[in-house]
Amino acid sequence: MARPSEDRLETLEAMFDSTNGLLTLKGSLVGLRRRLDALFREWAHVVEAEEFAFPPVMSVAALAAADYFSSFPHLATLATRIGPDDQGVARFVAAAKGSPLDRIEKDHLAPAKFVLPSAACYAVYQHFQGMQLREDRYVTLMSPCFRHETSYTAGQRQWSFHMREIVCVGSEAAVRRFLEKYRTLVQQKMEEARMPFTISEATDPFFDKRDPRRLLQRLEPLKHEFLFESSLAIASINFHRNFFGERFALRTAEGEPAYSGCVAFGLERWLYACTKMFGADGNAWPACLKPTTHDVG
């Protein structure tokens, strides 16, 4: 199959703020991202995952329970507000009056109690916090995510992007079967589409660096990434063991800390990879990368 010329990607690059990592999509690219999400929702139907829509922010307390700030402090985007008391608001208005406003200094801000998460699945574990599950649960969700990076590239690495995840919470055996099922499914789809990829072991510091349980991650890889053209991670298979079960007091029907795992798809990265491979005309994409229904809302 002939590869499209590089000018097919100019629409991504032309609407990209590389300083701040902000990407704007328009026209057919908006529809193609929506179609990709519809495709991944269909893949979630394989395990009859229930779809959730969570708020785009999470409390600092919830993410702190997951050791987020000892593992990913450099990625965190905090959500706050102008100091809400009358004196704070008046002081900000006075300081901002009559001059261009391109930033708000920290002295005017209230302490941050919420965070824009860097991955979608954290909200799932918070939602089930303290529950004893009667059966293994399968959830899918799509959420905006935010990651501060040292540099940004259109369609590949952005501060703001979208992630579709499929999550399993339950017994260890169920989670392992779930992850193997999706590792096989994603590999088959990419091979059928003739997309060049490799599968690579990766590490995410779910545990604090001083935590001896990190040894388990070195002994048993917990994260595998599908790398488009051996460099861009467009999907990941993640085994969390019972880490989130312990942190969020999630129990199985037998009363043990629940295991969890997730499959994650970066929508803008898939959009980049697919338009690079097959062009911006979705009708020319391989059938295995097209949703079978018209439900793309």
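These figures come from a predicted structure and were not determined experimentally. (Residues numbered from 1 in each chain as written. Predicted model: local features only at pLDDT ≥ 70, side-chain atom pairs only at ≥ 80, totals over all residues. Heavy atoms only, no water.)

Caption draft 1: Up close: the overall build of the chain. Helices and strands together make up the secondary structure of the chain, namely 10 helices and 12 strands. The proportion of buried residues among the 297 residues of the chain is 48%. Sequence separation of at least 24 residues holds for 74% of the intrachain contacts in the chain that already meet a minimum separation of 6. (Helix = DSSP H or I, 4+ residues; strand = E, 2+ residues; numbered from the N terminus. Buried < 20%, exposed > 50% of the residue type's maximum accessible area, 1.4 Å probe, protein only. Contact = heavy atoms within 4.5 Å.)

Caption draft 2: Representation of the packing of aromatic side chains. Summed over all chains, the structure comprises 20 aromatic pairs. Here the aromatic rings of tyrosine 125 and phenylalanine 244 are separated by 4.4 Å at their centres, their planes lie at 10°, and the arrangement is stacked. In this pair, tyrosine 125 is assigned in helix H6 (residues 122–127) and phenylalanine 244 in helix H9 (residues 243–247), connecting sequence segments 119 residues apart. Residues tyrosine 125 and phenylalanine 244 agree in their burial class; the two are buried. (Phe/Tyr/Trp six-rings, centres within 6.5 Å; stacked < 30°, edge-to-face > 60°.)

Caption draft 3: Inspection of the nonpolar core at higher detail. Among the nonpolar cores identified, the biggest contains 49 residues, and Trp43, Tyr182, Met195, Phe265, Trp270 and Leu289 are the most heavily contacted of them. Of all the secondary-structure elements, those providing two or more residues to this core are helix H2 (28–44), strand E8 (160–170), helix H7 (172–192), strand E10 (223–228), strand E11 (232–239), strand E12 (259–266) and helix H10 (267–278). If you tally residues by element for this core, the top one is H10, at eight residues. Once you skip the residues sitting within four places of it in the chain, tryptophan 43 turns out to touch Ile166, Tyr182, Leu185, Val186, Lys189, Phe265, Trp270 and Cys288. Counting 33 residues, the second largest nonpolar core, distinct from the first, contains Ala120, Tyr122, Phe161 and Leu250. (Core = buried A, V, L, I, M, F, W, Y, C linked by side-chain atoms within 4.5 Å.)

Caption draft 4: Spotlight on the pattern of salt bridges. Tallied over the full model, the rule gives 11 salt bridges. Among the salt bridges present, the one from arginine 41 reaches glutamate 51, with a minimum N-O distance of 3.8 Å. On the criterion of sequence distance, the pair formed by arginine 41 in helix H2 and glutamate 51 in strand E3 (residues 50–51) is long-range, its members being 10 residues apart. What makes arginine 41 buried here is its relative accessible area of 9%. (Salt bridge = Lys/Arg side-chain N within 4 Å of Asp/Glu carboxyl O.)

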